Amino acid sequence: MSDCIFCKIAAGEIPADKVYEDDKVLAFRDNHPRAPTHVLVIPKKHIASLNEASGDNIPDIAAAVAAIPQVAKADGVAESGYRVISNCGEDGGQTVFHLHFHVLGGRSFGPKLFRGDTAED
Ligand code: DGP
């Protein structure tokens, strides 16, 4: 997709700190890291979000998921643990509409998903 920043990174048109690459997948460091390890794992194919997960896209999404433990291992967080997030849509907090998995590690996130423990937080 011509105006997609992650497509441009996948095509090598915009530089990124790459940590993993194969024919279907690219992983690179987030430019606004929230943890010592903060890597974005993307399918190279333009898929806007998990909302578009379907038969045709599943091999690309599966390849991205399969790259996650390799990224975690390479960054030394596989044993200590890490968090994987894929924000989907506006309420999900998605800002870049090319499917990506945030791989966050190197610190403890604890059991909470939200700031508080209620559905409104
Ligand atoms: P999300 O809010 O889930 O859509 O996350 C998008 C992330 O992408 C955000 O943490 C910042 C990161 N990001 C945006 N533009 C770039 C870029 O040009 N390069 C890199 N490395 N990361 C980017």
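Residues numbered from 1 in each chain as written. Predicted model: local features only at pLDDT ≥ 70, side-chain atom pairs only at ≥ 80, totals over all residues. Heavy atoms only, no water.

(A) Local environment of the nonpolar core. In this structure, Tyr20, Val25, Ala27, Val39, Val41, Val71 and Phe101 are the most contacted members of the largest nonpolar core, which totals 15 residues. Elements supplying a minimum of two residues to this core: strand 2 (25–29), strand 3 (37–43), helix 2 (58–74) and strand 5 (101–105). Broken down by element, the residue count for this core peaks at six residues, all from helix 2. Setting aside residues no more than four positions away along its own chain, Val41 makes contact with Val25, Leu26, Ala27, Ala64, Ala67, Ile68, Val71, Leu99, His100, Phe101 and Val103. Grouped together as the second largest cluster of nonpolar side chains are ten residues, Cys4, Phe6, Cys7 and Ile42 included. (Core = buried A, V, L, I, M, F, W, Y, C linked by side-chain atoms within 4.5 Å. Buried < 20%, exposed > 50% of the residue type's maximum accessible area, 1.4 Å probe, protein only. Helix = DSSP H or I, 4+ residues; strand = E, 2+ residues; numbered from the N terminus. Contact = heavy atoms within 4.5 Å.)

(B) Summary view of the side chain of Asp60. The topology assignment puts Asp60 in helix 2. Of the residues examined, Asp60 reaches a relative accessible area of 11% and is grouped as buried. Setting aside anything within four residues of it in sequence, one finds Asp60 in contact with Lys24, Pro43, Lys45 and Ile47.

(C) Expanded view of the site of the ligand. What surrounds the ligand is a group of 16 residues, the closest being Asp30, Arg34, Asn87, Thr95 and His102. A distance of 2.5 Å separates an oxygen atom of the ligand from a polar atom in the side chain of Asp30. One of the backbone N or O atoms of Asn31 is found 3.3 Å from a nitrogen atom in the ligand. Against a free-state accessible area of 500 Å², the protein chains account for coverage of 86% of the ligand. Within the residue set of the shell around the ligand, elements represented by two or more residues are helix 1 (5–10) and strand 2. Looking at the shell around the ligand, the element that brings in the most residues is helix 1, giving three residues. (Near = heavy atom within 4 Å. Polar contact = N/O pair within 3.5 Å; in protein donor to acceptor, adjacent residues only side chain to side chain. Areas by Shrake-Rupley, 256 points an atom, 1.4 Å probe, with all protein chains shown as cover.)

(D) Inspection of the packing of aromatic side chains at higher detail. Within the structure shown, the criterion is met by one aromatic pair. Between the aromatic rings of Phe6 and Phe28, the centroid separation amounts to 5.3 Å while the plane-to-plane angle is 80°, which identifies the pairing as edge-to-face. Taken together, the residues span a long stretch of sequence, with Phe6 in helix 1 and Phe28 in strand 2 at a distance of 22 residues. Each member of the pair, Phe6 as well as Phe28, is classed as buried. (Phe/Tyr/Trp six-rings, centres within 6.5 Å; stacked < 30°, edge-to-face > 60°.)

(E) Representation of the pattern of salt bridges in the model. Applying the stated criterion across every chain yields a total of six salt bridges. Residues Asp30 and Arg34 are paired through a salt bridge, measuring 3.9 Å at the closest nitrogen-oxygen approach. In this structure Asp30 comes out as buried when scored by relative accessible area, which is 10%. The exposure class assigned to Arg34 is partly exposed, which follows from its relative accessible area of 47%. Notably, a salt bridge pairs Lys45 with Asp60, separated by 4.0 Å at the nearest N-O pair. Of this pair, Lys45 sits in the loop between strand 3 and helix 2 while Asp60 sits in helix 2, and the two are 15 residues apart along the sequence. Several salt bridges share partner residues, and in doing so they unite Asp17, Arg29 and Asp75 into one network. (Salt bridge = Lys/Arg side-chain N within 4 Å of Asp/Glu carboxyl O.)

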